[in-house]
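Architecture and fold: a report
Here is how the chains run, residue by residue.
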Amino acid sequence: MKIAPFAQSNDQHFDVVVVDNISRLKLLALFVTVFWGGHIRMKEVHTFQGKYIHICSNTSLPLHADGEQIGEGNITISVNKQIRVLK
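This is a predicted model, so every value here is computed, not measured.

Observations regarding the side chain of H39
Mapping H39 onto the fold places it in the loop between helix 1 (24-33) and strand 2 (45-50). With sequence-adjacent residues up to four places away left out, H39 is seen in contact with K2, I3, P5, V17, L30, T33, V34 and V45.

Structure representation (structure tokens):
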């Protein structure tokens, strides 16, 4: 699966993929296109890249890292040579 098809493991940047305002039917189609990275061409899919990422929301959102729940709320992530998560 190519969720972030342009991500490089050694470029010291985070690649973030956000899916926004999508119907359930189109979401099903998106899942199929993830296998070859075609989903990033959909207008509901936005990609971002950076060394410093801050994610905040008006509502408390669950936070997951590597498949594990690590809490709720806002999060700041930075990368230099190692990834650091600041809650």
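Regarding unusual backbone geometry
Its identity as a non-glycine residue notwithstanding, Q12 has a phi of 55°, on the positive side. Here Q12 shows up in the segment before strand 1 (14-19). For Q12, a relative accessible area of 33% translates into the label partly exposed. Residue N21 is not a glycine yet carries a positive backbone phi of 55°. Structurally, the position occupied by N21 is in the loop between strand 1 and helix 1.

Criteria and cut-off values
Residues numbered from 1 in each chain as written. Predicted model: local features only at pLDDT ≥ 70, side-chain atom pairs only at ≥ 80, totals over all residues. Heavy atoms only, no water. Helix = DSSP H or I, 4+ residues; strand = E, 2+ residues; numbered from the N terminus. Contact = heavy atoms within 4.5 Å. Buried < 20%, exposed > 50% of the residue type's maximum accessible area, 1.4 Å probe, protein only.

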